[in-house]
Amino acid sequence: MKKNFGLASLFLVALPMLTGCGKSNPILIWVGTESQEFYQTKLDEYVANYNATNDKKFPYAIEVKGVDTGSAAATFLDDTEAGADIFTVAHDNLGKLIAGSSGISPITDTSLLAQIAADNPDTFQNVIKGKVSGTEYTFGVPYIAQSLILYYNKAYLNATDVETWEGIWAKAVTHQKQALSLTGTDGFNNSFLLLARNVADDSTSLQLYEDASFDNCFATGDDTVSKLKWGQRFFTGAYGARVPSSSGWEVELKDELSLSVIGGAWHYNAALSSLGADNLGIAILPRFTITEADAYGTSVAGTVYQSGSFTDTKMLVMKKGSTKADYLQGILKFMSSKEIQEQSFEECANLPAYKNALEEFEAMSADTMEAQLARCQTEMFSHGIPQPFGANSKFNVYYYSKGAPELIAAILQNTGNAYSTDQAILDELVVIERVWKTGNKEAA
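Residues numbered from 1 in each chain as written. Predicted model: local features only at pLDDT ≥ 70, side-chain atom pairs only at ≥ 80, totals over all residues. Heavy atoms only, no water.

1. Description of the sheet that holds strand β10 (residues 197-198)
Then, number 1: Sheet architecture is open: three strands sit in the order β10-β15-β14, paired in antiparallel fashion. With partners counted over all chains shown, the strands left at the sheet margins are β10 and β14 (287-289), one partner each. (Pairing = 2+ DSSP bridges. Helix = DSSP H or I, 4+ residues; strand = E, 2+ residues; numbered from the N terminus.)

Below is the structure:
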């Protein structure tokens, strides 16, 4: 969806270079690689407008660099001195960024704080704050939202098929193909069953660091056992789900080995390339129904679950102690404004974080795949939760990096035939819960 910015924009791109202001010591900004060109153009315009409306020139050039936003926080913390003045992170990285003396600065500009409060849903406002020395501050500025959705092959599946995993699985059996490819078995990309909720009352017994507490983790509910038993049938049954292979999910879609994949907006271009515009379908994650074979304890056969997702915001943060601090919050306000969020969607298919975007941004109602991608992600926000890992740096580490995702994957695949009984599954869920709470598989 790239647009031609024309000669005027090319002039604006060149303007900071012509002025020579601060080009040897630029304000460095990291954004996702897919958005680098767009934000460079917009920030060149920002500088040009500043120069046209102020008595003095903007004192710095602005350099926008494309980075992997998943690893940006770690890269920044490896060398904060060389790190960007402003950079993009998922909100669940907040805990590690403010641990100790904090590597990032809080937002203090009253007009920016007012914009954040006015434009963002409560779920985002609750995850961009953190405490330093007992005082709570706002550190992040939401500007992009994201959730997991389903990409599927319309040559084999229709809109009715993809309402349920059973519908997809039935077509997969008919065509002797796999129903689903996962992009990863990590705790994010393989969270659709763990985060699933009862359709009847939107309930789940699952708890993940509720109220920012290690103690408020719970993985051993009857419904969780039942969901993973269903998942085990799906992952071990003929033509069901498949975990990542050496060929990669893109090849599996392109070669029609698999009919669908769970992914985020960052997978969109690859999915489009694999299936082509005529065959790529986009939908919310499907539902599934517990059978007699899956029901455990108080769970009842016939219960329908809606697959879940982490529904997150990407936020902009600023380096603590930046020598350009006086100018950073104005840039943050500009980059996160309603106008720029809408343009970012139109140019880069970035889902806006703005709370009324679906109603107010005309482009999101268009008859395009990008608009369908946005609408499906937005709908998934009612079926998911923001990653609850930002309040403490250990939450993220314990959930993702201490072995729990591997144990969930082992249950689903019934690795070594070790999880063929209810008790074996429950016993491993006890271990998973312990890992979330303590970071250790073994009891103290």
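On we go from here.
2. Considering helix α7 (residues 165-175)
Then, number 1: What α7 keeps buried is the set Trp-165, Gly-167, Ile-168, Trp-169 and Ala-172.
Then, number 2: Structurally, α7 contributes buried residues whose contacts are with β8 (149-153), β9 (180-181), α8 (222-236), β12 (260-263) and β14.
Then, number 3: Looking one or two places after α7, you find Gln-176, whose phi comes out positive at around 55 degrees. (Buried < 20%, exposed > 50% of the residue type's maximum accessible area, 1.4 Å probe, protein only. Contact = heavy atoms within 4.5 Å.)

3. So, the domain arrangement of the protein chain
Interfaces are often sized by the accessible area lost when the parts come together.
Then, number 1: Here the domain parsing of the protein chain yields domain 1 (27-145 + 312-385) and domain 2 (148-310 + 414-438).
Then, number 2: Taking only C-alpha atoms, the centre of domain 1 and the centre of domain 2 are 31 Å apart.
Then, number 3: The contact between domain 1 and domain 2 buries some 1500 Å² in all, and 69% of this surface belongs to carbon and sulfur atoms.
Then, number 4: Three residues stand out in domain 1 for area buried against domain 2, namely Met-369, Met-380 and Ile-385, and they jointly supply 41% of the buried area on that side. (Domains from an automatic or database assignment. Buried area = accessible area lost by both parts, 1.4 Å probe.)

4. Considerations on the packing of aromatic side chains
Then, number 1: Evaluation of the coordinates by the stated rule reveals 32 aromatic pairs.
Then, number 2: Geometrically, the ring pair formed by Tyr-46 and Phe-58 is edge-to-face, given 6.0 Å between the ring centres and 80 degrees between the ring planes. In this pair, Tyr-46 sits in helix α2 (residues 36-53) while Phe-58 sits in the loop between α2 and β2 (62-67), placing the two residues twelve residues apart along the sequence. Side by side, Tyr-46 and Phe-58 carry an identical accessibility label, which is buried.
Then, number 3: Aromatic pair Phe-214 and Phe-395: ring centres 4.7 Å apart, planes at 75 degrees, arrangement edge-to-face. Here the residue Phe-214 occupies a position in the loop between β10 and α8, and Phe-395 occupies one in helix α15 (residues 393-401), the gap between them amounting to 181 residues.
Then, number 4: Judged by relative accessible area, Phe-214 falls into the partly exposed class, the value being 23%.
Then, number 5: For Phe-395, a relative accessible area of 0% puts it in the buried group.
Then, number 6: An aromatic cluster is defined as three or more aromatic residues linked by ring pairs; in this entry it consists of Phe-188, Tyr-209, Phe-214, Trp-266, Phe-310, Phe-389, Phe-395, Tyr-398, Tyr-399, Tyr-400 and Trp-436. (Phe/Tyr/Trp six-rings, centres within 6.5 Å; stacked < 30°, edge-to-face > 60°.)

5. Let's talk about α15
Then, number 1: Of all the positions in α15, only Phe-395, Asn-396, Tyr-398, Tyr-399 and Tyr-400 are classed as buried.
Then, number 2: Along its buried surface, α15 packs onto α4 (94-98), β16 (309-310), α16 (404-413) and α17 (422-438).
Then, number 3: Following α15 by one or two positions, Gly-403 adopts a phi angle in the positive range, close to 105 degrees.

6. Here's the deal with the pattern of salt bridges
Then, number 1: Scanning the entire structure with this criterion turns up eight salt bridges.
Then, number 2: In this structure, Glu-45 engages Lys-42 in a salt bridge whose closest nitrogen and oxygen atoms are separated by 3.0 Å. With Glu-45 and Lys-42 both in helix α2, this residue pair falls three residues apart, about one helical turn.
Then, number 3: The exposure class of Lys-42 is buried, given its relative accessible area of 7%. (Salt bridge = Lys/Arg side-chain N within 4 Å of Asp/Glu carboxyl O.)

7. Quick look at the side chain of Ser-105
Then, number 1: The residue Ser-105 is located in strand β4 (residues 104-105) in this model.
Then, number 2: Residues contacting Ser-105, with those up to four places away along its chain left out, are Phe-139, Met-318, Lys-319, Lys-320 and Gly-321.

8. Re the state of the cysteines
What is meant by a disulfide is a covalent connection between two cysteines, made through their sulfur atoms.
Then, number 1: Tallying each qualifying case throughout the model produces zero disulfides.
Then, number 2: Of the cysteine sulfurs around Cys-348, a residue in no disulfide, the closest is that of Cys-376, at 20 Å. (Disulfide = S-S within 2.5 Å.)

9. Focus on the nonpolar core
Then, number 1: Counting 72 residues, the largest nonpolar core has Trp-165 and Trp-436 as its most contacted members.
Then, number 2: Here this core gets seven residues from one element, more than from any other, and that element is α17.
Then, number 3: Per-domain counts for this core show at least three residues from each of domain 1 (27-145 + 312-385) and domain 2 (148-310 + 414-438).
Then, number 4: The contact partners of Trp-165, leaving out residues within four places of it in the chain, are Leu-150, Leu-180, Phe-192, Trp-230, Phe-234, Ser-260, Ile-262, Pro-286, Arg-287, Phe-288 and Ser-307.
Then, number 5: Ala-84, Leu-97, Ile-107 and Tyr-327 belong to the second-largest nonpolar core, a separate cluster that totals 48 residues. (Core = buried A, V, L, I, M, F, W, Y, C linked by side-chain atoms within 4.5 Å.)

10. Observations concerning the environment of Leu-316
Then, number 1: Position of Leu-316 relative to the elements: it lies in strand β17 (residues 312-319).
Then, number 2: We classify Leu-316 as buried; its relative accessible area is 0%.
Then, number 3: Spatially, the C-alpha atoms of Leu-316 and Ser-393 are 18 Å apart, while their sequence positions differ by 77 residues.
Then, number 4: Setting aside chain neighbours within four positions, we find Leu-316 in contact with Ile-86, Phe-87, Thr-88, Phe-139, Gly-140, Val-141, Tyr-143, Leu-332 and Met-335.

11. Quick notes on the pairing of β2
Then, number 1: Note that strand β1 (residues 27-32) and β2 share six bridges and pair parallel. Each residue of the ladder has a partner; that of Leu-28, found in β2, is Glu-63.
Then, number 2: The parallel pair β1 and β2, bridged by α2, forms a crossover whose chirality is right-handed. (Right-handed = clockwise from strand over helix to strand, strands pointing away.)

12. A closer look at the packing of α8 against α17
Then, number 1: Two elements in contact, α8 and α17, have axes separated by 10 Å at closest approach and are oriented at 115 degrees. The handedness of the crossing between α8 and α17 is right-handed. Touching Thr-224, Val-225, Leu-228, Lys-229 and Gln-232 of α8 are Asp-422, Ile-425, Leu-426 and Leu-429, all from α17.
Then, number 2: Taken together, the residues of the contact of α8 with α17 sort by class into five nonpolar, two polar and two charged. (Axes fitted to C-alpha atoms, helices over the stretch in contact; angles between N-to-C directions. Left-handed = near helix turned anticlockwise from the far one by under 90°. Nonpolar A, V, L, I, M, F, W, Y, C, P; charged D, E, K, R; others polar.)

13. Quick notes on the side chain of Glu-252
Then, number 1: For Glu-252, the position within the fold is in helix α9 (residues 249-254).
Then, number 2: A polar atom in the side chain of Glu-252 sits 2.5 Å from the side chain of Ser-181.
Then, number 3: Ignoring any residue separated from it by four or fewer positions in sequence, one finds Glu-252 in contact with Ser-181, Arg-242, Ser-245, Ser-247, Leu-257 and Ser-258. (Polar contact = N/O pair within 3.5 Å; in protein donor to acceptor, adjacent residues only side chain to side chain.)

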